[in-house]
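Coordinate analysis (summary)
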Amino acid sequence: MVSALLAGACTSLPPPPQPAYAAAPPCSTPAATIAFDFEGASQSRCIIKGEREFTILVGPEHAPPINPSPWYAFRYDIDQGDDVTVSLEYLAGSHRYPPKLQASGKSVRIDAEVSENRNRASFDIPPGSGRVSGQEIFASERYSQMFNQLRRYSFVDIEVIGHSLGGRPIDAVRMGRPSAPNLIVLLGRAHPPEVSGAVAMEAFLDELALLYAGGDIDADNIQILAVPLLNPDGVARGHWRANLGGIDLNRDWGNFSQPETRAVGEWLDRLEPAVSPIAMIDFHSTRRNLFYVQGPDETDARQEQFLNEWLGQMLVSVDGYPFTIERRNANPGSGTSKNWFHSKYGIPAYTYEVGDNSDRMTILSAARTFAGLLPPAVSKSLLDKPPPRSR
């Protein structure tokens, strides 16, 4: 089936940068090669089981416990002849992401045979060259394309607000005037494998730019800071969850032990007193579409109105995109962006979770709808009396 489908086919100097990727050793036989030599490839070990049979050991970047997002990504070159069988053997966690094969400009989902306990998945790859990964590769090249598209607008500025532990830039998208008193913060890609959330954020930002361009967002009153790639080292190196320091960045807010979260925190600290954050949205992925929002015991009337205006009237589906709203009171000291922004600034702080396997076109459509509904929801509920600034 796969063969048939593909046949048609800061002021201080940053630390020295890490290589674009840190390649794990390849496996080669006279008939095939499995390699991990590209940005986003997993740090996996490959075992040769036969001339056309390989096992890939899928393990996390640091010792368990780890919140499992078991990432794998590899390149293959297979000579003509029979298909090659690849088995994924999970050293921690279990099979979460169905394999996607990218070759000849096409992407095809591969059927895999998964063991009962889901710690092993096997599938066949046809002759040729390409890549297989748990999700599509969404790395620096695609982010560069995103930034180049947004640079077309006069009200958009792309700036480096810091550097990762490995020396990679933390790029931020600024929309609106820097003097605009009301700030919306958007975050993305704290966890490298959460590609569906990145897909949503890309469309969300594009739609916001169109709204600014059309005058639907007042650039003198509302500004946006968006950090689409908070964990560039983890994305480049194929991590499951953590940054280069082995830290889950969505458990580091408030602690700011890592340069990636610290870059955002220090940027916020440098804001003029007249500028205040009024909302935060952090894009992630999980097994289904949902929004984590503040619990009913944590919110005031304005925050309840914002929730209702933005999401509350679409509790079942938007554009064929089913989702739920889960209200959770903060777990003090957990270090999530949701809890820290709400505690620090007293603002709505939501986690926008996109299903791993949600249809990509539906993700894009829904993200544009959510972005379009954001400005009127903000105007009706959050702009009359901006929350007091916490220092």
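Here, the structure is the one placed above.
These figures come from a predicted structure and were not determined experimentally.

Details of the pairing of strand 14 (residues 182–188)
- Burial within strand 14 is extensive, with seven of its seven residues counted as buried.
- Of the two faces of strand 14, the one carrying Asn-182, Ile-184, Leu-186 and Gly-188 and the one carrying Leu-183, Val-185 and Leu-187 are both buried.
- Where strand 14 meets strand 15 (residues 222–227), six bridges bridge the pair, whose relative direction is parallel. Bridged to Ile-184 within strand 15 is Ile-224.
- Note on the crossover from strand 14 through helix 3 (residues 195–213) to strand 15: the handedness is right-handed.
- Inspection of the sheet shows strand 14 paired to strand 16 (residues 276–286) by seven bridges, in the parallel sense. Counterpart to Gly-188 in the pairing with strand 16 is Phe-283.

A few points about the side chain of Lys-338
- With respect to the helices and strands, the residue Lys-338 is situated in helix 7 (residues 337–345).
- There is a polar contact of 3.0 Å between the side chain of Lys-338 and the backbone oxygen of Arg-328.
- When near neighbours in sequence (up to four residues on either side) are disregarded, Lys-338 contacts Met-280, Tyr-292, Val-293, Gln-294, Arg-328, Ala-349 and Thr-351.

Quick look at the packing of helix 6 (residues 301–312) against helix 8 (residues 360–381)
- The interhelical angle for the contact between helix 6 and helix 8, taken along N-to-C directions, is 150°, at an axis separation of 8 Å. Judged by the angle between their axes, helix 6 and helix 8 are roughly antiparallel. Regarding helix 6 and helix 8, the two cross each other, and that crossing is right-handed. Touching Arg-302, Gln-305, Phe-306, Glu-309, Trp-310 and Leu-311 of helix 6 are Phe-370, Leu-373, Leu-374, Ala-377, Val-378, Lys-380 and Ser-381, all from helix 8.
- Residues of the contact of helix 6 with helix 8, tallied by class, amount to eight nonpolar, two polar and three charged.

About the thresholds
- Residues numbered from 1 in each chain as written.
- Predicted model: local features only at pLDDT ≥ 70, side-chain atom pairs only at ≥ 80, totals over all residues.
- Heavy atoms only, no water.
- Buried < 20%, exposed > 50% of the residue type's maximum accessible area, 1.4 Å probe, protein only.
- Helix = DSSP H or I, 4+ residues; strand = E, 2+ residues; numbered from the N terminus.
- Pairing = 2+ DSSP bridges.
- Right-handed = clockwise from strand over helix to strand, strands pointing away.
- Polar contact = N/O pair within 3.5 Å; in protein donor to acceptor, adjacent residues only side chain to side chain.
- Contact = heavy atoms within 4.5 Å.
- Axes fitted to C-alpha atoms, helices over the stretch in contact; angles between N-to-C directions.
- Parallel < 35°, antiparallel > 145°, perpendicular 65-115°, else oblique.
- Left-handed = near helix turned anticlockwise from the far one by under 90°.
- Nonpolar A, V, L, I, M, F, W, Y, C, P; charged D, E, K, R; others polar.

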